[in-house]
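Notes for the structure review
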Amino acid sequence: MKTLEAVQFTEGEKEVFKPRSGLTVSEWAEKYRVVTTGSMKGKWRNITTPYLKEPMDCFNVPYIRQIILMFAPQTGKTQVAFNSLLYSIDEDPGSAMYVLSTEKTAERMSKKRFLPMFLATNKIAEKMTDKKADKAKYHYRFRNGADLMISWATSASELASESVRYMFFDETDKYPQNLPGEGDPITLGEMRTKTFPYNSKIIYMSTPTIKSGFIYKLMTEVADEVRRYYVPCPSCGEFQLMEFEQIKWPSDVRDPRVIRREKLAWYECKHCGAIWNDIDRDRAVRNGKWVADEPVDRPVAVGFHLPAWYSPFVSLSEVAAAFLKAHQDKTKMRAFVTQYKAEPYEEEQAEREEKIIYDLRDDRPRGLVPSVPIAAITAAADTQDDGWFYSIRAWGFGRDLESWLIREGFVTTLDGLAKVFFEDVYEDVNGQKYVVNIALIDSGGHNTAAVYDFCRFYPQAIATKGSSHRSMVQPFRFSKIDVYPGTNKPIPGGAQLLVVNTLYYKDMLSVKLQIAPGDPGAFHVHSEIGEDYAKQMVAEVKDEQTGLWKCVGGKANHYWDCEVLNLVAADLLGIRYEQAPQEEQKQDDIKKFKHIKNQRRRRW
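Residues numbered from 1 in each chain as written. Predicted model: local features only at pLDDT ≥ 70, side-chain atom pairs only at ≥ 80, totals over all residues. Heavy atoms only, no water.

1. Considerations on the packing of helix H4 (residues 77-91) against helix H5 (residues 103-120)
If you want to describe how two helices pack, look at the angle between their axes and the distance between the axes. In the contact formed by H4 and H5, the axes pass within 11 Å of each other and the chain directions differ by 50 degrees. Between H4 and H5, the angle is such that the two are oblique. Between H4 and H5 lies a crossing of right-handed hand. Residue-level contacts link Gln79, Phe82, Leu85, Leu86 and Ile89 of H4 to Met109, Arg113, Phe114, Met117 and Phe118 of H5. The residue inventory of the contact of H4 with H5, partitioned by class, reads eight nonpolar, one polar and one charged. (Axes fitted to C-alpha atoms, helices over the stretch in contact; angles between N-to-C directions. Helix = DSSP H or I, 4+ residues; strand = E, 2+ residues; numbered from the N terminus. Parallel < 35°, antiparallel > 145°, perpendicular 65-115°, else oblique. Left-handed = near helix turned anticlockwise from the far one by under 90°. Contact = heavy atoms within 4.5 Å. Nonpolar A, V, L, I, M, F, W, Y, C, P; charged D, E, K, R; others polar.)

Okay, structure coming up:
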């Protein structure tokens, strides 16, 4: 029998059998980790982002098996996964899988993040082999038995490849909700850890999107405990959860650019009212602590929630500016809620009711033009197999795009539509007469050829086709149609087709409907609108998962489509750049005054 001294261990066996250092993940990172990207390159320092220390060290707690990070961007959440991965390779080697959203992202991360990180951190670099096969694009093997596979959420085969002890899910809310015939990618990935029932570890991390997104569901349905970061006031020492409502800025400054550029925002202590600047905030965060909403004895899954204003890389003024931008343009509110508050966004449109349409009524009867300066009259029609729904709208001058519904209805023939659009004359209470300047007509359905001929006969009319494809970046574009649809029959002279970015204009219409009637840019309707119009105007909601608009329960949405086209017509006419006659005269007078003033200066 050989004595122990006579046994010759391989390099790999030496790595496996060597005693552990006893360090936690955060201690190991501060001692060995080297950061290769970003603004904080060099040795890892826990003091830079102190709120990451506890999530990292949960990796060392035996009974905690799942760590869930619902963090805002620029807070360092990915570094929790990186440091835990590096620690596991050095201190407790095993098989690991890191899941990204797409193959393209996985390829970029492997080349630009993982390999440079491994080579820069000596404790890891010394465990890498010289074999080319051990440094493949999506697979790294180490001398001590550690093994890393890089996968992506769009491939069921990649997620189901092998069993792993460590699983890292990066930006879960960018994953597809379901893989055809396989289920969701999170569940597929979790199944890889089932052969390690007592010592597997899973880290999930993402900025939230919507309530049905993965990270929010993990926080609310999987986490035994949700922890939030409390900080002490530098003045009174009282601990508090930092909330957006305590971020203040001068009440007379509403320009986000000024607030961000001049660093005008501050944080106000809830207890003593002390004002914190960014430096005070950073000092408070360095002395902060995580507190569970409802503490649990020996939690298996722990969730952490962190908004952007805790980060040393995000100034308080940036947060205030982002809020003001969202307040001024509600299409940006989603980004503020998810990217800064780190909360899921609930589509306000999904809760819309007919009441908000009735609230837009003024005291005009149907058919009457409002007694305000009118820039143009537009008309729109939605084509059905048995006729055309239509709406006619008057537009005021200026960038606010304020408008008033004049008339809406349904006709069964194109002759009837021509009468409503191009023969009828519309008046205000003073007898001022108006005609339709431009009409957009949907060319879909079984009446496409008839619509093309109609638009060739009436030069004010333009045939349209909607596109909700995300690759369409411009609001609209023109194309030429040479033959009638479904045939080889040429269209004499061709026909002009306007392709409309419906996602862009439906988002715009949704915002318009939220403007109070007394505020600039309101989308007014006359006093006689019927129930049918109100119902159709709230028939579509935005799908939280796809970001596209859809009808609920197959409801009719024809007037909604008409009003979308009226917005397009207003843009075609450039109404937002038109000035009212008196304003135009005022601008001319200003230019004339400046010209005379400059002439006098030159003479002097």
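2. A few points about the nonpolar core
Ranked by internal contacts, the top residues of the largest apolar core, which has 83 residues, are Phe114, Phe118 and Tyr310. Other than its neighbours up to four places away in sequence, Phe118 contacts Leu85, Leu86, Ile89, Ile124, Ala125, Met128, Tyr140, Phe142 and Leu148. Formed by 36 residues, the second largest nonpolar core is a distinct cluster that contains Ala380, Tyr505, Leu509 and Ala534. (Core = buried A, V, L, I, M, F, W, Y, C linked by side-chain atoms within 4.5 Å. Buried < 20%, exposed > 50% of the residue type's maximum accessible area, 1.4 Å probe, protein only.)

3. Section: empty space enclosed by the protein
Empty pockets left among the atoms are what a rolling probe the size of a water molecule brings to light. As enumerated under the stated definition, the model contains one cavity of 30 Å³ or more in all. Taken as a whole, the largest cavity encloses approximately 50 Å³ of empty space. Forming the boundary of the largest cavity are Arg33, Val35, Thr36, Thr37, Gln79, Phe82, Arg113 and Met117. Contributions of two or more residues to the lining of the largest cavity are made by H4 and H5. Here the lining of the largest cavity is composed, by residue class, of three nonpolar, three polar and two charged. (1 Å grid on protein atoms, 1.4 Å probe; cavity = no way out; pocket = protein on both sides within 12 Å on 5 of 7 lines; lining within 4 Å. Points joined across faces, edges and corners; volume = space filled by probe spheres on them.)

4. Focus: the pattern of salt bridges
Inspection of the entire model under this criterion finds 28 salt bridges. Its salt-bridge partner being Lys77, residue Glu171 comes within 3.2 Å of it at the nearest N-O pair. Taken together, the residues Glu171 in the loop between strand E8 (166-170) and helix H8 (185-191) and Lys77 in helix H4 connect sequence positions 94 residues apart. Residue Glu171 is classed as buried on the basis of its relative accessible area of 17%. Where salt bridges share partners, they join Glu54, Glu225 and Arg227 into one cluster. (Salt bridge = Lys/Arg side-chain N within 4 Å of Asp/Glu carboxyl O.)

5. Focus: the confidence of the model for the chain
Per-residue pLDDT for the chain averages 88, and the proportion of residues at 70 or more is 88%. In the model, residues 592-597 has pLDDT below 50 throughout and makes zero contacts with residues more than four positions away in sequence or in other chains. Segment residues 599-604 is flagged for pLDDT under 50; beyond a separation of four residues in sequence, or across chains, it makes zero contacts in the model. (pLDDT = per-residue confidence, 0-100.)

6. A few points about unusual backbone geometry
Backbone geometry places Gln74, a non-glycine residue, at a positive phi of 65 degrees. Mapped onto the fold, Gln74 is located in the loop between strand E3 (66-71) and H4.

7. Some remarks on helix H16 (residues 448-457)
Considered for burial, the residues of H16 that qualify are Thr448, Val451, Tyr452, Phe454 and Cys455. Down the axis of H16, the buried set is contained in an arc of 160 degrees. They therefore lie on one face. (Arc of directions from axis to C-beta.)

8. Examining the environment of Ser443
Among the structural elements, Ser443 can be located in the loop between strand E22 (438-442) and H16. A residue is classified by how much of its surface remains accessible, and Ser443, at 6% relative accessible area, is buried. As a C-alpha pair, Ser443 and Gly466 span 23 residues in sequence and 9.1 Å in three-dimensional space.

9. Points about the packing of aromatic side chains
Using the criterion set out here, one finds 37 aromatic pairs in the structure. Here Tyr229 and Trp290 contribute two aromatic rings whose centre-to-centre distance is 5.1 Å and whose plane-to-plane angle is 65 degrees, an arrangement assigned as edge-to-face. Placement of Tyr229 in strand E10 (residues 225-232) and of Trp290 in strand E15 (residues 289-292) is noted, with a sequence separation of 61 residues between them. Exposure class is identical for Tyr229 and Trp290. Each is buried. An angle of 50 degrees between the planes, with centres 6.0 Å apart, marks the rings of Trp249 and Phe323 as tilted. Taken together, the residues span a long stretch of sequence, with Trp249 in the loop between strand E12 (247-248) and helix H10 (256-261) and Phe323 in helix H12 (residues 316-328) at a distance of 74 residues. (Phe/Tyr/Trp six-rings, centres within 6.5 Å; stacked < 30°, edge-to-face > 60°.)

10. As for the layout of surface pockets
In this structure, the largest pocket occupies an estimated 780 Å³ of space. Around the largest pocket, the lining is made up of 33 residues, and of these Gly76, Lys77, Thr78, Gln79 and Arg113 lie nearest the centre. Elements with a minimum of two residues in the lining of the largest pocket: H4 and H5. The greatest single-element share of the lining of the largest pocket, amounting to four residues, is contributed by H5. Looking at the lining of the largest pocket, its residues break down into eight nonpolar, 16 polar and nine charged. There is about 630 Å³ of room inside the second largest pocket. Around the second largest pocket, the lining is made up of 20 residues, and of these Gln328, Asp329, Val511, Lys512 and Ile515 lie nearest the centre. For the lining of the second largest pocket, the elements supplying multiple residues, two or more each, are H12 and helix H17 (502-512). Among the elements that take part in the lining of the second largest pocket, H17 stands out by supplying five residues, more than any other. Looking at the lining of the second largest pocket, its residues break down into seven nonpolar, five polar and eight charged.

11. Brief notes about helix H13 (residues 333-340)
Every buried residue belonging to H13 is among Met333, Phe336, Val337, Thr338 and Tyr340, and all of these are buried. Packing partners of the buried residues in H13 comprise H12. At the C-terminal side of H13, Ala342 shows a positive phi close to 55 degrees.

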